[in-house]
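Overview (structure and organization)
Letter by letter, the chains look like this.
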Amino acid sequence: MKRNFLFLALSILFINLSVVEAKEAQGVDYYKAGFPLVAKPLLLKEFNTDSVTRSETSFYLGNIYFGENKPDSAAIFFKKGLAGKESVLNTIGLAMLKIKTDPKAADLEIQNVLNLRTSKKNPDYFIAAAHAYLNNGNIDQAVIYQEKAKNIKSKYAPLAVLAGDIELAKKNVGNACSNYELAILYDESCKECYVKYARAYKNVNTNLAIEKLNQLKLKEPSFLLVDKELADIYYMNNDFAKAAEFYESYLKSGNSNSADLVKYAMTLFFNHEFAKSLEIAQAGHLKSPRSPAFNRLVMYNNTDLKQYEEAVKSADLLFNQSDNPEYNYLDYRYYGQALRETKKYDLAIVQFKKAIEMDSSKVELWKDISDMYNDQSDYKNAIANYLIYERLLGQDKKNVEVTYQLGRLYYSLGNSDKDSTDVKKSALIKADSVFAKVISTDPTNYRGYIWRARTNFALDPETLQGLAKPYYEQTIPIVEAKADVKYNAVIIECCRYLGYFYYLKKDYTQSKIYWNKILVLDPTNDMALKAIDGIDKTLKGKK
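What counts, and at which threshold
Residues numbered from 1 in each chain as written. Predicted model: local features only at pLDDT ≥ 70, side-chain atom pairs only at ≥ 80, totals over all residues. Heavy atoms only, no water. Helix = DSSP H or I, 4+ residues; strand = E, 2+ residues; numbered from the N terminus. Rg over C-alpha atoms; globule rule 2.2 N^0.38 Å. Buried < 20%, exposed > 50% of the residue type's maximum accessible area, 1.4 Å probe, protein only. Areas by Shrake-Rupley, 256 points an atom, 1.4 Å probe, with all protein chains shown as cover. Lys, Arg positive; Asp, Glu negative; His and termini not counted. Charge placed at Lys NZ, Arg CZ, Asp CG, Glu CD. Phe/Tyr/Trp six-rings, centres within 6.5 Å; stacked < 30°, edge-to-face > 60°. Lys NZ or Arg CZ within 6 Å of the ring centre and 35° of its normal. Contact = heavy atoms within 4.5 Å. Disulfide = S-S within 2.5 Å. 1 Å grid on protein atoms, 1.4 Å probe; cavity = no way out; pocket = protein on both sides within 12 Å on 5 of 7 lines; lining within 4 Å. Points joined across faces, edges and corners; volume = space filled by probe spheres on them. Nonpolar A, V, L, I, M, F, W, Y, C, P; charged D, E, K, R; others polar. Axes fitted to C-alpha atoms, helices over the stretch in contact; angles between N-to-C directions. Parallel < 35°, antiparallel > 145°, perpendicular 65-115°, else oblique. Left-handed = near helix turned anticlockwise from the far one by under 90°. Salt bridge = Lys/Arg side-chain N within 4 Å of Asp/Glu carboxyl O.

1. Here's the deal with the overall build of the chain
- Within the chain one finds 30 helices and zero strands.
- Against the compact-globule benchmark of 24 Å for 543 residues, the chain has a radius of gyration of 37 Å, which places it well outside the compact range.
- When the backbone C-alpha atoms are referred to their principal axes, the chain occupies close to 135 × 45 × 45 Å.
- Going through the 543 residues of the chain one by one, you find that 48% of them count as buried.
- By element, 50% of the accessible surface of the chain is carried by carbon and sulfur atoms, the whole surface being about 27,500 Å².
- Within the chain, one finds 74 positive and 67 negative side-chain charges whose respective centroids are separated by 1 Å.

The structure is reproduced here in structure tokens:
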């Protein structure tokens, strides 16, 4: 199964695009359907191999380059197309290039070519002129030529599409789609109508957009570009399972490019199909080794697959071997996580801090940094970063757990072997104060009491003052009420302290009560048995 999927990934990348060699003018078909980027390589091939259609091909290539804001390249193709039968279209194309810079000259050129005897009765030329103005943002002039085309042929699908495009430019989505529907009525095979309808509605009414694309899919099952359009919509709506399904179908068409492959790999990643996403990303890397998108996904997927050593290696591809990567928060976050899991804490902390620089709203990263210092027993830095985390945390997220964890950090510093007595004592006093807050916030939970008891025991390890006594006493009834064996260790800890406390006070009767409570839970407890034996001998000696 894995080999089959890898074969698919590689075949998607290295396929010889046999469909490009088809005799039909697929490039024009794809362009008219609204897929200029897919059409471009096909049109370039057709331009070089088919002299009969070269003039028409030149016109569409010129429009594609115009859309890419490459006027010089657009001009080259429009000029090449002047020698063929579609010289009128290419003349309009050249005029389109100067509508903004020299509108009077552009107007004159368009009027002159449309006044030719061979042009006057051809609505396609007037529609092309309207699009030339519309592409330059001149809606009023586009409407003028729309009306002229309408006088030639009113019930005409391309004209209805133009009307829809004009309405869309005016941001009248409903009117635009009504015109696209009208175009379908005139010509059910007008792929462009379905696609433009879906694109207009995808942010307004997703269900209508999907329904329209499915209608096209039923009519033209071999037109796999509709799968790309469906995939994009599902991706936009975070339905990654559906998006992955349609991207995979579309990629089999052989018309995909690297951007499509990236989207597919990203969709699989968001759908938590990390192994599949990794294979696609690795295949993409083989084809485009300096692509930041593929290199990024290789690192992300390796991290989520817990292949941390590989993730660290692949991070080098993104950060040192990619062209114009434009790093984001997740880049540093994932790299930092991979470093963290390989115990490279200092390097991981650097990456987490870079992630915070990219997105300061990711307050939780301060806790991650604190945790890494904690893992290295560097409690001072752990506390310093945790305090930043606590300060920046939103009020709605500041709960007893946040307070409790801070207390644990102070407790750890107070019991550290690396610090001075004064530092440790100060930390324990702070821990006691924090655990007091835990108790006041959540008085029915035992952990505030038990940790306050442990903290005070650390402040009074010889039990000379009995600082921990009230908190151990308060812990017992809360834990006993749970009637759960998993809390036996806590009860035993409390009773051991209290038994010893009363033993030091020579209150042997009270002391034995606590040692016997331990034996109820653990009949073979050595400390309790020895303590009771010692008390009994002491009492006998007194007699």
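2. Notes on the packing of aromatic side chains
- By the definition in use, this model includes 33 aromatic pairs.
- With centroids separated by 5.6 Å and ring planes inclined at 5 degrees, the aromatic side chains of Tyr65 and Phe77 adopt a geometry described as stacked. Of this pair, Tyr65 sits in helix 4 (residues 54-67) while Phe77 sits in helix 5 (residues 71-80), and the two are 12 residues apart along the sequence.
- You can call Tyr65 buried: its relative accessible area is 11%.
- On the basis of an interplanar angle of 5 degrees and a centroid distance of 5.7 Å, the ring pair of Tyr234 and Phe246 is categorised as stacked. Of this pair, Tyr234 sits in helix 14 (residues 225-236) while Phe246 is found in helix 15 (residues 240-251), placing the two residues 12 residues apart along the sequence. Grouping residues by exposure puts Tyr234 and Phe246 together as buried.
- Linked through ring pairs, Tyr235, Phe240, Tyr247, Phe269, Phe270, Phe274, Tyr300 and Tyr334 together constitute an aromatic cluster.
- One Lys or Arg, Arg199, reaches over the ring of Phe35 and ends 4.9 Å from the middle of that ring.

3. Comments concerning helix 12 (residues 191-201)
- Where burial is concerned, most of helix 12 is hidden: 10 out of the 11 residues are buried.
- All of the buried residues in helix 12 are Lys191, Glu192, Cys193, Tyr194, Val195, Lys196, Tyr197, Ala198, Ala200 and Tyr201.
- Each element contacted by the buried residues of helix 12 is listed here: helix 2 (26-33), helix 10 (157-169), helix 11 (173-186), helix 13 (206-219) and helix 14.

4. Observations regarding the state of the cysteines
- One pass over the full model with this rule turns up one disulfide.
- With no disulfide partner, Cys177 has as its closest neighbouring cysteine sulfur the one in Cys193, 11 Å distant.
- Sulfur of Cys494: no disulfide; nearest cysteine sulfur belongs to Cys495 and is 6.6 Å away.
- Of the residues examined, Cys494 reaches a relative accessible area of 0% and is grouped as buried.

5. Looking at the layout of surface pockets
- Of the volumes computed, that of the largest pocket is approximately 1,300 Å³.
- Along the walls of the largest pocket sit 45 residues, with Tyr31, Lys32, His131, Glu192 and Lys196 positioned nearest its centre.
- Of all the secondary structure elements, the ones that give two or more residues to the lining of the largest pocket are helix 2, helix 3 (36-49), helix 4, helix 6 (87-96), helix 8 (123-134), helix 10 and helix 12.
- Looking at side-chain class alone, the lining of the largest pocket contains 25 nonpolar, eight polar and 12 charged residues.

6. Details of the packing of helix 11 against helix 12
- Axis separation between helix 11 and helix 12 bottoms out at 9 Å; the angle between their running directions is 160 degrees. The orientation of helix 11 relative to helix 12 falls into the category roughly antiparallel. When you trace helix 11 past helix 12, the crossing you get is left-handed. Residues Val173, Gly174, Cys177, Tyr180, Glu181, Ala183 and Ile184 of helix 11 form the contact with helix 12, whose participating residues are Cys193, Tyr194, Lys196, Tyr197, Ala200 and Tyr201.
- The class makeup of the residues in the contact of helix 11 with helix 12 is 10 nonpolar, one polar and two charged.

7. Focus on the pattern of salt bridges
- Applying the stated criterion across every chain, the model contains 31 salt bridges.
- Two residues, Asp29 and Lys191, come together in a salt bridge whose shortest N-O distance is 3.5 Å. Of this pair, Asp29 sits in helix 2 while Lys191 is found in helix 12, placing the two residues 162 residues apart along the sequence.
- A relative accessible area of 12% places Lys191 in the buried class.
- One salt bridge connects Asp331 with Arg296, and the closest N-O pair in it is separated by 2.6 Å.

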